[in-house]
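Geometric and topological summary
Here are the chains, one letter per residue:
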Amino acid sequence: MFTSTSTANLEEEKTQNNHNNFAKKNRKEIIVDNTKLQKKEELNYSNEINNKIEEEEEQQQANLTTNSFDYTIVNSVSIETLNNLLIQPSGYSILNLSQKHRLLLVFIKFKGCPLCQKVMEDLSHCLPNFLKLNVIPVICHQEDEEKMTNFLKELNLLSVKVSKEDLYGFGIEEASIGHHVKMAGAVLKTMVKEKRKLHLPSLREMKTMNLLSSFGMLMIEDGVVMSDACYVYKLWVRPDYGKLIVKLHNNLKANSNPEDFVSNLLLLYPNLKEMMMKARDPNQSGLITILNNNNNNGEEEAISATIGATCSSSYNNEEAIREYQKVMGNNMLRNYFKAFLINRFCVELLLFIEQVELFKALSKSQSKIISLTTSSSTNFANNTAAIVNNNLTLLTIEEEENKEGQKEEEQKEKSISENNIEIEIEKKVNDIVTNFLTEDAMFEININKKTIATVLERIEKVKDNISGTTIYSSSLFDEIVIDIETKMLQGIFIREFINSNLYNEMKQNK
């Protein structure tokens, strides 16, 4: 009896244990399933976040490519705001200074940000190149004005303090959390790689700052935000300054006459000549750091300043030279090449050619005026002789005198026009020599000194002409232009420009 009962109890206990084990197993499976479901949900949520970040980055990349911006917000900045924002240390307002120069407003987070430091140093390095195009970068910040002015003094950069409201007016909105997470990685990488330190603003400054504001650049000219020159992009990607400065789709020839703005630049940058000389000194600059237009990641590449003529594209040299001539002969296509030369730190070569083209246009006008004046004088003399010799005049003496008086007035007007064009040509020649050909020229071009000396001798001979008439040959600067094109520009075009993203974009938009 006892054995039977004991056996039954054992079986019941065994059954109960089986049930318990089964229940535990089910609970474990349920827990595992719940954990898997939770992980799946977390993964889906994470994917959604990642997709959102990727969409934001794609949009930012689109902005980077097209130089687009929310113009409805940008254009809301008022004239009053531009007039109240004072640029330091000059004291000029943005509105006032933009009437003499093109201003590149650069919005940063704070000076202690390693990426912002890198941007400011890069702008300082590119400054002489910007100034050749009459473009002045201005750092827009939210920190203590005096401290920032002193900080930027060594970099030769101007600055202006902006408020949260000003940022909104210029279209500088808050960046997303995903963007800042992405930026944090770039900041750490920059700190480690370049041994930079992160310095946060003071608590007092932080109270008035918007530390989540995005980073951007925009161009202002004559108090107007240029719709084709706005840039919102990743702070860790170096922008294409050439595309930002040059109006790529403008079919008009965008000539920059140094004589129109150099004197004003000297008021802002008393050490301008030193800056320009240092920028072209190979001992100071060594390898030129430029934007590698073939790298979509926006990284920089150091290359030698030496120009080669090796063609590494699908073009052979003859085809490439024909393509070069085609681009140089079209104002809009030339703008792409100019943008590339800005990044290449040698835009003065093209600026010189454009100034020579202006000289040639004036010379052509002078030839026409001289031709018309000579033709008019000859016709008048012949007509008078015919009237006297053939006794065919039907005019009274008074009418003849009036006619002669009118002719004299016309001759005087043509003489004035001829004198004016002569003065304009003389000024243009002097400006070209002063800005490009003398040893201390602001925009000195690095070509054969003997060629320059030969041209300068010709100019002096024309000025020493005892007849008093100053007529320069339209081919006065041709030797220098040929030297620039065959020894430098064509080499840059064939070896580098044809293989660049700017060239590909030009071909697509042509």
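Because the structure is a prediction, the values reported are computed rather than measured.

Here we take up the overall build of the protein. Helix and strand counts for the protein come out as 20 helices and 7 strands. Looking at the protein as a whole, 43% of its 510 residues are labelled buried. Long-range pairs, those at least 24 residues apart, make up 77% of the contacts in the protein with a sequence separation of at least 6. Within the structure as shown, the protein displays about 28,200 Å² of accessible surface, and the carbon and sulfur contribution to it stands at 52%.

Within strand 2 (residues 135–141), 7 of the 7 residues are buried, which leaves the element mostly enclosed by the surrounding structure. Of the two faces of strand 2, the one lined by Val135, Pro137, Ile139 and His141 and the one lined by Ile136, Val138 and Cys140 are each fully buried. Bridge analysis of strand 1 (residues 102–107) against strand 2 gives 6 bridges, and the strand direction is parallel. Looking at strand 2, one finds that Arg102 is bridged to Val135. The parallel pair strand 1 and strand 2, bridged by helix 5 (residues 114–131), forms a crossover whose chirality is right-handed. Where strand 2 lies against strand 3 (residues 158–161), 4 bridges are found, and the strand directions are parallel.

Right, let's get into the nonpolar core. Within the largest apolar cluster, 117 residues are counted, with the highest numbers of intra-cluster contacts made by Phe352 and Phe477. For this core, the leading source of residues is helix 5, giving 9 residues. Apart from residues no more than four positions distant in its own chain, Phe352 is found in contact with Ile432, Phe436, Leu437, Ile445, Phe477, Ile480, Val481 and Ile484.

Right, let's talk about helix 18 (residues 449–463) for a bit. In a regular helix each residue adds 1.5 Å, so 15 residues correspond to 21 Å; helix 18 covers 21 Å between its end C-alpha atoms and thus fits that length. When we look at burial in helix 18, the residues that qualify are Thr451, Ile452, Val455, Ile459 and Val462. Axial view of helix 18: buried residues confined to an arc of 100°, hence all on one face. Residues Lys450, Glu457 and Lys461 are exposed on helix 18 and point more than 90 degrees away from its buried face. Put simply, Asn448 is the residue that caps the front of helix 18, since its side-chain oxygen is 2.7 Å from the backbone nitrogen of Lys450.

Attention now moves to the packing of helix 5 against helix 12 (residues 272–280). Contact geometry of helix 5 with helix 12 gives a least axis separation of 10 Å together with a crossing angle of 105°. The angle between helix 5 and helix 12 places the two elements in the roughly perpendicular class. Along the contact surface, helix 5 presents Leu127, Pro128 and Leu131, while helix 12 presents Leu272, Met275, Met276 and Ala279. Split into classes, the residues belonging to the contact of helix 5 with helix 12 amount to 7 nonpolar, no polar and no charged.

Here we take up the packing of helix 15 (residues 331–343) against helix 19 (residues 478–495). Where helix 15 contacts helix 19, the two axes come as close as 12 Å, and the packing angle between them is 95°. Between helix 15 and helix 19, the angle is such that the two are roughly perpendicular. Contacts from Phe337, Phe340 and Leu341 in helix 15 reach Leu489, Ile492 and Phe493 in helix 19.

Right, let's get into the environment of Lys153. Following the sequence through the fold, Lys153 ends up in helix 6 (residues 145–153). Taking the C-alpha atoms as reference points, Lys153 and Gln88, separated by 65 residues in sequence, lie 9.9 Å from one another.

If you trace the backbone, Glu173 turns up in the loop between helix 7 (164–169) and helix 8 (177–194). As a C-alpha pair, Glu173 and Leu212 span 39 residues in sequence and 8.3 Å in three-dimensional space.

Let's shift gears to the packing of aromatic side chains. In this structure the tally under the stated criterion is 14 aromatic pairs. Summarising the aromatic geometry, the rings of Phe436 and Phe443 are spaced 5.7 Å apart at their centres and angled 40° between planes, so their arrangement reads as tilted. For Phe436, a relative accessible area of 1% gives the class buried. Between the aromatic rings of Phe497 and Tyr503, the centroid separation amounts to 5.4 Å while the plane-to-plane angle is 80°, which identifies the pairing as edge-to-face. No difference in accessibility class separates Phe497 from Tyr503, as the two residues are buried. Through a chain of ring-to-ring contacts, three or more aromatic side chains come together here, namely Tyr324, Phe337, Phe340, Phe493, Phe497 and Tyr503.

For the rest of this paragraph, the subject is the environment of Glu323. Here Glu323 shows up in helix 14 (residues 317–328). On the basis of relative accessible area, Glu323 is assigned to the buried category, the value being 8%.

Moving on: the state of the cysteines. Taken as a whole and judged by the stated rule, the model has 0 disulfides. Of the cysteine sulfurs around Cys113, a residue in no disulfide, the closest is that of Cys116, at 3.4 Å. When its relative accessible area of 0% is taken as the criterion, Cys116 is described as buried.

Turning our attention to the pattern of salt bridges. Summed over the entire model, instances satisfying the criterion amount to 21 salt bridges. Lys338 serves as the salt-bridge partner of Glu354, at 3.1 Å between the closest nitrogen and oxygen. Of this pair, Glu354 sits in helix 16 (residues 348–390) while Lys338 sits in helix 15, and the two are 16 residues apart along the sequence. Both residues of the pair, Glu354 and Lys338, count as buried. Here Asp483 makes a salt bridge to Lys487, at a shortest N to O gap of 3.0 Å. Within this pair, Asp483 and its partner Lys487 are both found in helix 19, separated by 4 residues, close to a single helical turn. For Lys487, a relative accessible area of 52% gives the class exposed. Sharing partners across several salt bridges, the network here consists of Lys118, Glu121, Glu194 and Arg196.

Those residues of helix 20 (residues 501–509) lying buried are Leu502, Tyr503, Glu505 and Met506. Viewed along the axis of helix 20, the buried residues span an arc of 160°, placing them on a single side of the element. The secondary structure elements touched by the buried residues of helix 20 are helix 10 (241–245), helix 14, helix 15 and helix 19.

Reading the values: rules and limits
Residues numbered from 1 in each chain as written. Predicted model: local features only at pLDDT ≥ 70, side-chain atom pairs only at ≥ 80, totals over all residues. Heavy atoms only, no water. Helix = DSSP H or I, 4+ residues; strand = E, 2+ residues; numbered from the N terminus. Buried < 20%, exposed > 50% of the residue type's maximum accessible area, 1.4 Å probe, protein only. Contact = heavy atoms within 4.5 Å. Areas by Shrake-Rupley, 256 points an atom, 1.4 Å probe, with all protein chains shown as cover. Pairing = 2+ DSSP bridges. Right-handed = clockwise from strand over helix to strand, strands pointing away. Core = buried A, V, L, I, M, F, W, Y, C linked by side-chain atoms within 4.5 Å. Expected span 1.5 Å × (residues − 1). Arc of directions from axis to C-beta. Polar contact = N/O pair within 3.5 Å; in protein donor to acceptor, adjacent residues only side chain to side chain. Axes fitted to C-alpha atoms, helices over the stretch in contact; angles between N-to-C directions. Parallel < 35°, antiparallel > 145°, perpendicular 65-115°, else oblique. Nonpolar A, V, L, I, M, F, W, Y, C, P; charged D, E, K, R; others polar. Phe/Tyr/Trp six-rings, centres within 6.5 Å; stacked < 30°, edge-to-face > 60°. Disulfide = S-S within 2.5 Å. Salt bridge = Lys/Arg side-chain N within 4 Å of Asp/Glu carboxyl O.

Any functional reading would require information beyond the geometric quantities listed.
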